[in-house]
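Here is what each chain is made of, one letter per residue.
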Amino acid sequence: MCGIIGYCGPKQAVEVLVEGLKRLEYRGYDSAGIAVGFKNEVTVIKKKGKIKDLRQVIPDGIKGNYGIGHTRWATHGSVNDINAHPHSGCAGKIVIAHNGIIENYTGLKEILEKEGHVFKSETDSEVIAHLIEKYYTDDLEKAVKEALSILKGTYGIVCINPDEPDRIIGARNGSPLVLGVGDGEMFLASDVTAIISHTKQVVYLEDGEVVSIRPDGFKTTDLNENRIEKDVEYISWELEEIEKNGFSHFMEKEILEQPEAIKRAISGRVITDVASAHLGGLDLTTKELLNIERVKIIGAGTSYHAGMVGAYLLESIARIPCVPEIASELRYRNPIIERNTLYFAISQSGETADTLYAMRELQRKGATVLGVCNVVGSTIARESDGGVYIHSGPEIAVASTKAFSSQITVFYLFALLLSRMRDMSYEQGIDYIDNLRSIPAKMDEIFRKRNEIKKLAEKYAHYKDMLFLGKGINYPVAMEGALKLKEISYIHAEGYTSAEIKHGPIALINEETPSVFLVPDGGLKEKVISNMKEVKAREGKIIAITVEGDDSVGEIADDVFMIPKINEIFYPFLLVVPLQLFSYYCALELGRDVDQPRNLAKSVTVE
Ligand code: F6R
């Protein structure tokens, strides 16, 4: 969703801001803008569309050593140049960029208009600029704090005033803001990808904190003027991880990075001697682990699907009742917190509002919530009661791929840990670890045959609807396959457990609605084959994903793709890869914007 960048230092701010905005593109946006300060003047340039469109309207040779920039994902007001950020007060001096939603903006706008302020945009954000302008006398930081103290809602903001050149005020409440500490230069950004090419030293701001930056330093306080000492942290991500490095798309790169991502998620967490796992960040004693009577996993989208796999696994092998739940629903059904229940909040970005607010609601009621996040220092990672990083490396494509595999890896490790404290024998534990460790190489085998999937995509990309069908632990994978396809190719797709189609969806089946069946070997295979036959009997075309050497499925399916054999509980890892590749190639075939599909944002920071 919206992105923020701010810079003050010796460089030309335009270059730093535009580069930062380019790096924030992946978050999803519909317009962008910058404000560049030079001595006591500020120039604001905004444009609907992509950063390249903004680039074209930035005059050559525009000078200035401090400024702010923004990518907007519209919430209040249509997508146009005027609604794009930054926004200014009436005098054009106070300029702000804002992420989040101001809930009391209508009332404030009415008051400010009565006082003579003239608004230009339809946004909620513009009210912030006018409010700061109202309170400004000679200290921007003071005026920002006064304004923030009456705002209701969420914000990450940056603000400049050319009457105080080379200074930026930043503040956060519910929308992330990170400070980049350079050598004689300072940055502010909504996420580290925007500044990682300049500095790896960062300070994560907490809600309620305000920072004042100048090229030579920064000062952090709260809204009541209390000084807050912050630690400077070091980002371990490398610049090349957020670049395409020769791949056509981030999505392709990230799909192919999965073997390495899984190895990183496992690394240092398997204890072969005792055939168990160690997840230090959970911060739970053996006794506390043994006392767990139930597990609940909350997440959204792909993370929810990973949580479904985790729930199935924990219940089936660790024998602990476990349910996944869509985070956005949990908060509003007044959940009952049961004793000895462990909650997981699972989120790649660690910033998804639905998951974050659900987590806070659970914590407010006394639950222990552990985070499973990718982005280090993200809000869920910091506010959870412990947790595990998945160490996927930055995921830039809007459609999540490698995060899914790494998230489920963490649940496979957690299930091993709990199972080995209960029913699983040492020998079974070793076998489990061997299976887990064999996954990266088996994924590589699939990648070597990816041309077969490309051909399937070329054959099926022009259908309007598709069903994805699996059973047991592979049912969430079917849902994930359908989600991937609709997200990036815009083909309508739905994922079901295969038996469920008889209860309605089978009405859709005809020669125009193909089905992708997940039919690995294992206890449920014959059941899935029966469902395939039901589809075949109604002239539905079938793509089956099955296991190498198994010819039985080929007699029913129109097309077959074969994956390597593995113990049946590990198939989600190997089944998801062909589905990710299938959607990627379908999107390519249809000429879609693979990495930044329409209407979608990488990190969904509003409810
Ligand atoms: C799908 C996708 C989304 C996210 C969802 C949650 O490809 O990317 O469905 O999975 O918005 O995001 P996180 O995991 O960041 O909480």
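Just so you know, these numbers come straight off a predicted model, no measurement behind them. (Residues numbered from 1 in each chain as written. Predicted model: local features only at pLDDT ≥ 70, side-chain atom pairs only at ≥ 80, totals over all residues. Heavy atoms only, no water.)

Chemist: So what exactly am I meant to see when it comes to the overall build of the protein chain here?
Modeler: Along the backbone of the protein chain there are 18 helices and 26 strands. What you see for the protein chain is a C-alpha radius of gyration of 25 Å, in line with the 25 Å of a compact globule of 607 residues. When each of the 607 residues of the protein chain is scored for burial, the buried share is 60%. Taking contacts inside the protein chain between residues at least 6 apart in sequence as the whole, the part at least 24 apart equals 71%. Positive and negative side-chain charges of the protein chain, numbering 70 and 87 respectively, have mean locations separated by a distance of 1 Å. (Helix = DSSP H or I, 4+ residues; strand = E, 2+ residues; numbered from the N terminus. Rg over C-alpha atoms; globule rule 2.2 N^0.38 Å. Buried < 20%, exposed > 50% of the residue type's maximum accessible area, 1.4 Å probe, protein only. Contact = heavy atoms within 4.5 Å. Lys, Arg positive; Asp, Glu negative; His and termini not counted. Charge placed at Lys NZ, Arg CZ, Asp CG, Glu CD.)

Chemist: Would you take a moment to explain the pattern of salt bridges for this structure?
Modeler: A side chain of one charge can pair with a side chain of the opposite charge if their charged atoms are brought near each other. Summed over all chains, the structure comprises 41 salt bridges. Here E257 ties to K402 by a salt bridge, and the two come within 2.7 Å at their closest N and O atoms. A residue pair is termed long-range when its members are at least 10 positions apart, and E257 in the loop between helix 6 (250-256) and helix 7 (258-266) and K402 in helix 13 (residues 402-420) qualify at 145 residues. When the shortest N-O distance is used, the salt bridge between K484 and E487 registers 3.5 Å. (Salt bridge = Lys/Arg side-chain N within 4 Å of Asp/Glu carboxyl O.)

Chemist: I keep staring at the site of the ligand and nothing clicks. Help me out?
Modeler: Surveying the vicinity of the ligand reveals 14 residues, the closest of which are S303, S347, Q348, S349 and T352. One nitrogen or oxygen atom from the side chain of S347 is found 2.6 Å from an oxygen atom belonging to the ligand. At 2.9 Å from an oxygen atom of the ligand is found a side-chain nitrogen or oxygen belonging to K484. For the ligand, the protein covers 90% of the area, taking 410 Å² as the surface of the free molecule. Within the residue set of the shell around the ligand, elements represented by two or more residues are helix 9 (301-317) and helix 16 (475-489). In this structure, the shell around the ligand is formed jointly by two domains, domain 2 (244-445) and domain 3 (449-607), each of which donates at least three residues. (Near = heavy atom within 4 Å. Polar contact = N/O pair within 3.5 Å; in protein donor to acceptor, adjacent residues only side chain to side chain. Areas by Shrake-Rupley, 256 points an atom, 1.4 Å probe, with all protein chains shown as cover. Domains from an automatic or database assignment.)

Chemist: Help me out: how do you make sense of the packing of aromatic side chains in this one?
Modeler: Here a ring pair, both rings aromatic, is described through the centre-centre distance and the interplanar angle of the planes. Going through the model one piece at a time under the given rule, you end up with nine aromatic pairs. Plain terms: the ring middles of F344 and F411 are 5.3 Å apart, the flat faces sit at 75 degrees to each other, and that makes the pair edge-to-face. Linking F344 in strand 19 (residues 341-347) with F411 in helix 13, this pair joins segments that are 67 residues apart in sequence. Residue F344 is classed as buried on the basis of its relative accessible area, which comes to 1%. Given a relative accessible area of 1%, F411 falls into the buried group. Pairing F344 with F414 gives two aromatic rings, centres 5.0 Å apart and planes at 75 degrees, and the pair type is edge-to-face. (Phe/Tyr/Trp six-rings, centres within 6.5 Å; stacked < 30°, edge-to-face > 60°.)

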